[in-house]
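Overview (structure and organization)
Read off the chains here:
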Amino acid sequence: MRSRLTAGQMGLMRGTSTMAAPRKYSLELRERAVRMYRTTEPKPQIKKMAVDLGVHPEALRGWIRQAEADAGERDDRLTTDERAELTALRKENAQLKRANDVLRTASAFFAAQLDPTRPR
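Remember, predicted model here, so these are calculated numbers, not experimental data.

Turning our eyes to something else, we now look at the nonpolar core. Ranked by size, the top nonpolar core spans 13 residues in total, and within it Tyr25, Tyr37, Ile46, Val55, Leu60, Trp63 and Ile64 carry the most contacts. Those elements giving two or more residues to this core turn out to be helix H2 (27–39), helix H3 (46–53) and helix H4 (57–70). Discounting residues that sit within four places of it in the chain, isoleucine 64 has contacts with Val34, Tyr37 and Ile46.

Below is the structure:
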């Protein structure tokens with residue numbers, strides 16, 4: 001008896017996800033925390049502020065660093081736009097590699113069909 005797969009299982013088998021993972025912290029909380037840190041003088045301790053907001057200190061630190069990179073204040077991180085472009089380019093590159101593999105296999109198959117005496 002054949003088992004039936006759901007659309008989500010089929011997507012996972014093909015290497016594509018059908019739904020994004022749920023976020024632990026809302027985007028609103030993230031934006032508010034970063035805005036609060038950037039506007040407060042003197043700068044608060046990230047660990048203390050994270051405890052007050054109920055978030056993990058490393059999550060808050062990452063959000064702040066990303067906001068600084070997006071504002072052009074940091075050169076050691078990619079901006080959000082650059083990161084999205086890099087992700088899209090990597091995905092396109094993987095698709096092109098798969099297409100090349102398919103074409104290479106198909107051309108070898110058809111070459112063997114046309115001339116069976118030819119070594120592979």
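Within this structure, the stated rule accounts for seven salt bridges. When the shortest N-O distance is used, the salt bridge between aspartate 52 and lysine 48 registers 3.7 Å. Residue aspartate 52 and its partner lysine 48 are both found in helix H3; the two are separated by four residues, about one turn of the helix. In terms of burial, aspartate 52 and lysine 48 fall into one category: exposed. Taking the shortest distance from any N to any O, the salt bridge between aspartate 101 and arginine 104 comes out at 2.9 Å. Of this pair, aspartate 101 and arginine 104 both sit in helix H5 (residues 80–114), three residues apart, which is roughly one turn of that helix. A relative accessible area of 52% means that arginine 104 is categorised as exposed. Via salt bridges that share partners, Glu68, Arg74 and Asp76 belong to a single interconnected network.

On to H4, then. Counted at 1.5 Å a residue, the expected span for H4 with its 14 residues is 20 Å, and the 20 Å between its end C-alpha atoms agrees. Considered for burial, the residues of H4 that qualify are Leu60, Trp63, Ile64, Gln66, Ala67, Glu68 and Ala69. Tucked inside the fold, the buried residues of H4 contact H2, H3 and H5. Among the residues trailing H4, glycine 72 stands out with phi positive, at a value near 85 degrees.

Definitions and cut-offs
- Residues numbered from 1 in each chain as written.
- Predicted model: local features only at pLDDT ≥ 70, side-chain atom pairs only at ≥ 80, totals over all residues.
- Heavy atoms only, no water.
- Core = buried A, V, L, I, M, F, W, Y, C linked by side-chain atoms within 4.5 Å.
- Buried < 20%, exposed > 50% of the residue type's maximum accessible area, 1.4 Å probe, protein only.
- Helix = DSSP H or I, 4+ residues; strand = E, 2+ residues; numbered from the N terminus.
- Contact = heavy atoms within 4.5 Å.
- Salt bridge = Lys/Arg side-chain N within 4 Å of Asp/Glu carboxyl O.
- Expected span 1.5 Å × (residues − 1).

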